[in-house]
Amino acid sequence: MEEEARPLLASQQNAGSYSHRGSTDSLDFRGKRPFYVDPMLLIGDPQERVSAEAAILNSRVHYYSKLTGSSDRLLSPPNHVIPLAEDIYIYSPLGTAFKVASSDNVGKNPSIITIFAIWNTMMGTSILSIPWGIKQSGFTFGIIILILTGLLMLYCCYIALKSPKSIPYVDTSEWEFPDVCRHYFGSFGLWSSLIFSMVSLVGAMVVYWVLMSNFLYNTGQFIYNYAHNVSMTDSVLGTNGTDRVICPFPNIGPEANVTRDVIVPFVSANDGNGTSVSSPFEHWWSKTNTIPLYLIVLLLPLLSLRSASFFARFTFLGTISVVYLIVLVTTKAVRLGINLEFHWFDSTDFYVPEFRLMFPQLTGILTLAFFIHNCIITLMKSNRHQENNVRDLSIAYVLVGLTYLYVGVLIFAAFPSPPLGKECIEPNFLDNFPSSDVMVFVARTCLLFQMITVYPLLGYLVRVQMLGQIFGNPYPSFVHVLVFNALIVGAGVLMAKFYPNIGSIIRYSGAICGLALVFIFPSLIHMISLKRQGSLRWPSTVFHSFLMVLGLANLIGQFFM
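Please read these numbers as outputs of a predicted model, since none were measured by experiment. (Residues numbered from 1 in each chain as written. Predicted model: local features only at pLDDT ≥ 70, side-chain atom pairs only at ≥ 80, totals over all residues. Heavy atoms only, no water.)

S.K.: So, the overall build of the protein: which residues are in play, and what are the values?
M.R.: A tally of regular secondary structure across the protein gives 16 helices and seven strands. Going through the 561 residues of the protein one by one, you find that 58% of them count as buried. Summed over its atoms, the accessible surface of the protein is roughly 23,300 Å², and 66% of this surface lies on carbon and sulfur atoms. (Helix = DSSP H or I, 4+ residues; strand = E, 2+ residues; numbered from the N terminus. Buried < 20%, exposed > 50% of the residue type's maximum accessible area, 1.4 Å probe, protein only. Areas by Shrake-Rupley, 256 points an atom, 1.4 Å probe, with all protein chains shown as cover.)

Here is the structure:
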């Protein structure tokens, strides 16, 4: 997001144009950051037009850059030519965008704001898959894995945060982690960090498409049932008398002979000869056959817009959605009660063991759920007291871990006893509640609207970064942008139709991007830095080598689960 991908950095120039700083022929020597957004993408008071003065300054920058044609700082545009004000914004796959620094107010945020910014940026669609991941690992082992993975991710984030300070004789005050990778590994490091960052972002967009198809389908079901006064059949539901849950898998237990189709009683009819026939609504309102295609009509044109400023106004829905999910989980747990029976190794008809060999599925999800490494340097630059960076980063990770634990443990523990069982928990835990549930309907509707507004923003960031690097222009032509967006949308449609498992999509993208940006690059940079200082010792070598092996094992493990 979660998930889910993950956090992205955007910067706004008062000149009103995109700056390409990702390569050695950068125009602006004051900083190099991976993502840039035009002034109309700002939240609060977006500038609808670029002032004449800013336009003149922008023209001067391009004029001087053409004269010099060099990345040498001595030949860079003079300071009086470059626009003075620069605002830095952080974007997360949840869509939240907020200012973390500016040229005249660097390092002014108190610790509480910095901590909340990190928490808010890491919260993604992965939160929906945490209960499923705990089920795949076993209850006790899943909790242990969540805690240990969070600690390892925190340490890797810490060494990524301090990596620019370990470079001597170079001004790294404006560097980001991709710049550090380029310093140590050249163009390979730069492009690798870019590609793996894009994996997390495109993975988030694919997850969004699957979830939007899911939420739109269930929202339509709710409206249809309400309009036609259709009620769900209790035979497919588990209940304790107050709340109901559904099990989409057949033959989970001796009393749970249910199928996916029977949970939609209004979509079939009898032709009089005992043969079930599909209704028109079922034919035109299918979660995998039609809904993903309907979204193309809505979202593909929005992705092709030059600016996504309108959608940036709705990004506050990301935080509201997470808060509402926490309230929803708490309410459901209170109504369903705690249903736990411990079986450490042998599963029963209704409970999974406390330990399962499928635990790599949870580690893959958590790698993306705790991923913030590619923008943590910029986030922490806004902290008022830089000496508290490690403390604030640690507190933020603890809060993120507690949020995931709270949601995952409560949903797993509250899932009811027979006729259902823990094996019924879905990769998206909202799928375990019927479409007639009003609270879940509100959650799905809010998430659907929020994702529709965020998806164009994510696509915009992918386009700016990838096309900007390849063509030197984030919008080379309408045809280029249309083909590029069609590829991304096509990936989402195919996954929504043939493999709508957000848990697996998240774990694969998390393990891939985490291999490079979490485990390998930070560990290698740390060891190289220590070696150059003459302070590298064998315990540090063994530990950081183990981290790299762990990241590789995490990726390989996803293909055997």
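S.K.: Which residues make up a nonpolar patch on the surface, and what values go with them?
M.R.: A surface patch of nonpolar side chains, about 480 Å² in accessible area, is lined by Phe478, Val479, Leu482, Val483 and Leu487. Its location among the elements puts Leu487 in helix H14 (residues 478–498). (Patch = residues over 30% accessible without salt bridge, like charges linked within 9 Å, V, L, I, M, F, W, Y side chains within 5 Å. Salt bridge = Lys/Arg side-chain N within 4 Å of Asp/Glu carboxyl O.)

S.K.: Provide a residue-level description of the packing of aromatic side chains, including the pertinent values.
M.R.: The full count for this structure, using the stated rule, is 15 aromatic pairs. Both rings, one in Tyr184 and one in Phe185, keep their centres 6.3 Å apart while their planes meet at 45°; by these two values the pair is tilted. Here Phe185 falls in the partly exposed class, since its relative accessible area comes to 22%. Connected via pairs of aromatic rings, a cluster forms that spans Phe141, Phe355 and Phe359. Looking at Lys422, its charged tip hangs above the ring of Phe412, at a distance of 5.2 Å from the centre. (Phe/Tyr/Trp six-rings, centres within 6.5 Å; stacked < 30°, edge-to-face > 60°. Lys NZ or Arg CZ within 6 Å of the ring centre and 35° of its normal.)

S.K.: Lay out the confidence of the model for the protein in plain terms, naming residues and giving numbers.
M.R.: Overall, the prediction assigns the protein a mean pLDDT of 75, with 69% of residues at 70 or greater. Under a pLDDT of 50 for its full length, residues 79–107 has, in the predicted model, 111 contacts with residues more than four places off or in other chains. Predicted confidence for residues 250–277 stays below pLDDT 50, and this span has 54 contacts to residues more than four positions away or in other chains. (pLDDT = per-residue confidence, 0-100. Contact = heavy atoms within 4.5 Å.)

S.K.: Give me the lowdown on the nonpolar core, citing residues and values where you can.
M.R.: Within the largest apolar cluster, 114 residues are counted, with the highest numbers of intra-cluster contacts made by Met212, Ile376 and Tyr455. Excluding anything up to four places from it in sequence, Met212 contacts Leu295, Leu299, Leu448, Met451, Ile452 and Tyr455. (Core = buried A, V, L, I, M, F, W, Y, C linked by side-chain atoms within 4.5 Å.)

S.K.: Residues and numbers for the state of the cysteines, please.
M.R.: Working definition: the covalent bond between the sulfur atoms of two cysteines is a disulfide. Tallying each qualifying case throughout the model produces one disulfide. A sulfur-sulfur distance of 2.0 Å marks the disulfide that ties Cys247 to Cys424. Every disulfide takes its handedness from the sign of the S-S torsion; for Cys247 and Cys424 that torsion is -80°, giving left-handed. Of this pair, Cys247 sits in the loop between strand E5 (244–246) and strand E6 (268–270) while Cys424 sits in the loop between helix H12 (389–414) and helix H13 (438–471), and the two are 177 residues apart along the sequence. Assessed through its relative accessible area of 0%, Cys247 is described here as buried. Cys424 gets classed as buried once you look at its relative accessible area, which sits at 0%. (Disulfide = S-S within 2.5 Å.)

S.K.: Please provide a residue-by-residue account of the side chain of Asp179, values included.
M.R.: On the secondary structure map, Asp179 appears in helix H5 (residues 177–227). In this structure Asp179 comes out as buried when scored by relative accessible area, which is 5%. Separated by 2.9 Å, the side chain of Asp179 and the backbone nitrogen of Glu176 make a polar contact. Looking at Asp179, its side chain comes within polar contact range of the side chain of Arg182, at 3.1 Å. (Polar contact = N/O pair within 3.5 Å; in protein donor to acceptor, adjacent residues only side chain to side chain.)

S.K.: Go over the pattern of salt bridges with me, naming the residues and quoting the values.
M.R.: Here the structure, examined in full by the defined rule, presents six salt bridges. We note a salt bridge from Glu423 to Lys135, for which the minimum N-O separation is 3.8 Å. One end of the pair, Glu423, is in the loop between H12 and H13; the other, Lys135, is in helix H3 (residues 130–137), and 288 residues separate them in sequence. Lys135 gets classed as buried once you look at its relative accessible area, which sits at 4%.

S.K.: How would you sum up unusual backbone geometry? Please name residues and give values.
M.R.: Most peptide bonds adopt trans geometry, and most residues besides glycine take a negative phi value. One non-glycine residue with positive phi stands out, namely Tyr169, at about 60°. Take Tyr169: it is sitting in the loop between helix H4 (139–162) and H5.

S.K.: Can you break down the packing of H4 against helix H10 (residues 360–369) residue by residue, with the values?
M.R.: Relative to each other, H4 and H10 sit at 40°, their axes nearing to 10 Å. Of the two possible hands of crossing, H4 and H10 adopt the one that is right-handed. In contact with Gly142, Ile145, Leu146, Thr149 and Met153 of H4, H10 contributes Leu362, Thr363, Leu366 and Thr367. Looking at side-chain class alone, the contact of H4 with H10 contains five nonpolar, four polar and no charged residues. (Axes fitted to C-alpha atoms, helices over the stretch in contact; angles between N-to-C directions. Left-handed = near helix turned anticlockwise from the far one by under 90°. Nonpolar A, V, L, I, M, F, W, Y, C, P; charged D, E, K, R; others polar.)

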